[in-house]
Amino acid sequence: MEWQMRAIRGATTVAENSVEAIRDSVTELLDELEQRNKLQPDDMISVTFSVTKDLDAIFPAAIARSRPLWDSVAMLDVQQMHVEGSLPRCIRFLIHAYLPSSTAVHHIYLRQAAKLRPDWSLPQTLHTSPHVVETKV
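As the structure is a computational prediction, the values presented were derived from the model and not from experiment.

Enquirer: Before we move on, could you go through a nonpolar patch on the surface and cite the residues and values that matter?
Expert: On the surface, a cluster of nonpolar side chains totalling about 570 Å² of accessible area is made up of M1, W3, M5, I45 and Y98. With respect to the element layout, W3 can be found in strand β1 (residues 3-13).

Shown next, in the form of structure tokens:
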């Protein structure tokens, strides 16, 4: 089987700027990422999280680092560029990972973040979470 470095994108939103709300949203997002892409932390090269300026209660990477085997993944948190009218309380990620070249990449957009890429949105009837929008590239 041939492996290839791939980029996976995803995003979610949180209801409020609190450790609990951010932890719940990031955990949900990463659970879906792992499940949909059959992704293991050992396959990841790096993860960049960006957050909108209204989220500062906790770093998403700190949440990810507490997951089993994620502590050895290179991670970076950055603040998303502010654009007037952009989606508030949003957390995005960009992951670079080695995946089988024949495997479809599933970009995961949850909650209000599904509005960010409506062109990638698919019907949610196949999803386990009411907040998930699965996309294929």
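Enquirer: Please set out helix α1 (residues 19-37) residue by residue, giving values where relevant.
Expert: At 3.6 residues per turn, the α-helix brings residues three or four places apart onto the same side. Across its 19 residues, α1 extends 27 Å between first and last C-alpha, which sits within 8% of the 27 Å expected from 1.5 Å per residue. Those residues of α1 that sit buried are A21, I22, S25, V26, E28, L29, L30, E32, L33, R36 and N37. The positive-phi residue at the C-terminal boundary of α1 is K38, with phi of around 50°.

Enquirer: Help me get a handle on the layout of surface pockets, residues and values and all.
Expert: Estimated volume of the largest pocket: approximately 160 Å³. Residue lining of the largest pocket: R9, G10, A11, T48, S50, V78, R92, F93, L94, Y109, L116 and R117, and that is the complete set. Those elements that place two or more of their residues in the lining of the largest pocket are β1, β2 (44-51) and β4 (90-100). Of the residues in the lining of the largest pocket, the class split is six nonpolar, three polar and three charged.

Enquirer: So what about the pairing of β4? Which residues, and what values?
Expert: Moving residue by residue along a regular strand, the side chains alternate between the two faces of the sheet. Bridge analysis of β1 against β4 gives eleven bridges, and the strand direction is antiparallel. If you follow I8 over to β4, its bridge partner there is I95. The pairing of β2 with β4 spans seven bridges and is antiparallel. Within β4, the position partnered with S50 by the bridge is R92.

Enquirer: Break down the UniProt feature "binding site: prephenate" (unreviewed entry) in the protein chain for me, with residues and values.
Expert: The positions UniProt marks with the feature "binding site: prephenate" (unreviewed entry) are R9, R92 and Y109. Across 101 residues of sequence, these annotated residues stay compact in space, with a maximum C-alpha separation of 8.8 Å. Checking the annotated residues one by one, the ones that line the largest pocket turn out to be R9, R92 and Y109. For R9, the location among the structural elements is in strand β1. Residue class for R9 comes out partly exposed when judged on its relative accessible area of 35%. Examined against the element boundaries, Y109 turns out to sit in strand β5 (residues 106-110). The exposure class of Y109 is buried, given its relative accessible area of 4%.

Enquirer: Could you give an account of the environment of S72, with specific residues and numbers?
Expert: You can see S72 is positioned in the loop between α2 (60-65) and β3 (74-79). What makes S72 exposed here is its relative accessible area of 58%. Between the C-alpha atom of S72 and that of D42, which follows or precedes it by 30 residues, the distance is 8.2 Å. Among the polar contacts made by the side chain of S72, one reaches the main-chain carbonyl oxygen of L69 at a distance of 3.5 Å.

Enquirer: Would you mind going over unusual backbone geometry in detail, with residue names and values included?
Expert: Trans is the prevailing form of peptide bonds, just as negative phi is the prevailing case for residues other than glycine. At K38, a residue that is not glycine, the phi angle is positive and equals roughly 50°. With respect to the helices and strands, K38 occurs in the loop between α1 and β2. Since its relative accessible area comes to 66%, K38 is described here as exposed. Here the phi dihedral of L69 falls at roughly 75°; this positive angle occurs in a residue that is not glycine. Along the chain, L69 turns up in the loop between α2 and β3.

Criteria and cut-off values
- Residues numbered from 1 in each chain as written.
- Predicted model: local features only at pLDDT ≥ 70, side-chain atom pairs only at ≥ 80, totals over all residues.
- Heavy atoms only, no water.
- Patch = residues over 30% accessible without salt bridge, like charges linked within 9 Å, V, L, I, M, F, W, Y side chains within 5 Å.
- Areas by Shrake-Rupley, 256 points an atom, 1.4 Å probe, with all protein chains shown as cover.
- Salt bridge = Lys/Arg side-chain N within 4 Å of Asp/Glu carboxyl O.
- Helix = DSSP H or I, 4+ residues; strand = E, 2+ residues; numbered from the N terminus.
- Expected span 1.5 Å × (residues − 1).
- Buried < 20%, exposed > 50% of the residue type's maximum accessible area, 1.4 Å probe, protein only.
- 1 Å grid on protein atoms, 1.4 Å probe; cavity = no way out; pocket = protein on both sides within 12 Å on 5 of 7 lines; lining within 4 Å.
- Points joined across faces, edges and corners; volume = space filled by probe spheres on them.
- Nonpolar A, V, L, I, M, F, W, Y, C, P; charged D, E, K, R; others polar.
- Pairing = 2+ DSSP bridges.
- UniProt positions renumbered as here; feature names shortened; annotations may be inferred.
- Polar contact = N/O pair within 3.5 Å; in protein donor to acceptor, adjacent residues only side chain to side chain.

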